[in-house]
Amino acid sequence: MTQTIPYVEDRIAKSCVRSGRDRNEVHIIAVTKYVSLETTGQVLKQGLHHIGENRWQDAQAKWEAFGDQGTWHFIGHLQTNKVKDVLGKFAYIHSLDRLSLAKELDKKAGAMGIKAQCFIQLNVSGEETKYGLPPEELDSFVQAIRGMENIHIVGLMTMAPYEAEPEATRPVFRRLRELRDEMNRVRALGYEVPHLSMGMSNDFEVAIEEGATWVRLGSVLVGKE
């Protein structure tokens, strides 16, 4: 891992140079869902303080061991009955994709006296196997959640299809950026939405070139076990 971090950093830096972006605009989430408790501890010791997990059942032991050592991102599909487990432990939820989940997050966050920091997940590629709102439903969804005082939308999130040639993912990432920019142009939520959570191990360089502010890196960064 110590050798991998400079390699990934170099690739990120070059992507920023190619697209005229500031390296400080791009943040790494180390996705630890496929690695052990011990490896997660090593990830944090190496200075990767943003940790991404997909399921509470898998994340629980890691969070109990290291919860105060990093910032935790819930990046998987979130069932409404798991909101009580995740909220207050994970600083960001990247998978807000339906009204029933928004209502539960708003209710539970209100009861806890906190604001749920969320990314709206969009299925830009239209793949049936992926979660997320269809892009054409974004406007109506935003209007439906706009009055929820205990939810704060920090950005949009998507997953591109796995492509042998990462360049083929570019239209997906570009579309997410356009959707975020249009939301901000019309002030759909009444405040600026700054972030784009997009790009994984296979395609993060293209995502950065298209405006990603958070990239979710698993195998390329922390490996698999």
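Residues numbered from 1 in each chain as written. Predicted model: local features only at pLDDT ≥ 70, side-chain atom pairs only at ≥ 80, totals over all residues. Heavy atoms only, no water.

This brings us to the overall build of the chain. Along the backbone of the chain there are 9 helices and 8 strands. Taking 225 residues into account, the globule formula puts the C-alpha radius of gyration at 17 Å, and the chain, at 17 Å, falls close to it. Taken along its principal axes, the extent of the C-alpha atoms in the chain is 45 × 40 × 30 Å. Within the span of the chain, comprising 225 residues, buried residues form 48% of the whole. A separation threshold of at least 6 residues defines the contact pool for the chain, and within that pool the share at least 24 residues apart is 58%. In the structure as shown, the chain presents an accessible area of about 10500 Å², 48% of it carried by carbon and sulfur atoms. Within the chain, the 31 negative side-chain charges are centred at a point lying 3 Å from the centre of the 28 positive side-chain charges. (Helix = DSSP H or I, 4+ residues; strand = E, 2+ residues; numbered from the N terminus. Rg over C-alpha atoms; globule rule 2.2 N^0.38 Å. Buried < 20%, exposed > 50% of the residue type's maximum accessible area, 1.4 Å probe, protein only. Contact = heavy atoms within 4.5 Å. Areas by Shrake-Rupley, 256 points an atom, 1.4 Å probe, with all protein chains shown as cover. Lys, Arg positive; Asp, Glu negative; His and termini not counted. Charge placed at Lys NZ, Arg CZ, Asp CG, Glu CD.)

Time to look at the packing of aromatic side chains. Applying the stated criterion to the full structure yields 5 aromatic pairs. Between Trp72 and Phe90 the ring centres are 6.1 Å apart and the planes differ by 85°, which places this aromatic pair in the edge-to-face class. With a gap of 18 residues between them, Trp72 in strand 3 (residues 71-74) and Phe90 in the loop between helix 4 (83-86) and strand 4 (92-96) connect regions that are remote in the sequence. Each member of the pair Trp72 and Phe90 is classed as buried. The interplanar angle of 85° and the centroid separation of 5.4 Å between the aromatic rings of Phe74 and Phe90 together place this pair among those described as edge-to-face. Highlighted residues: Phe74 in strand 3 and Phe90 in the loop between helix 4 and strand 4, separated in sequence by 16 residues. Connected via pairs of aromatic rings, a cluster forms that spans Trp56, Trp72, Phe74 and Phe90. The ring of Trp63 has Lys89 lying over it, and the distance from NZ or CZ to the ring centre is 5.8 Å. (Phe/Tyr/Trp six-rings, centres within 6.5 Å; stacked < 30°, edge-to-face > 60°. Lys NZ or Arg CZ within 6 Å of the ring centre and 35° of its normal.)

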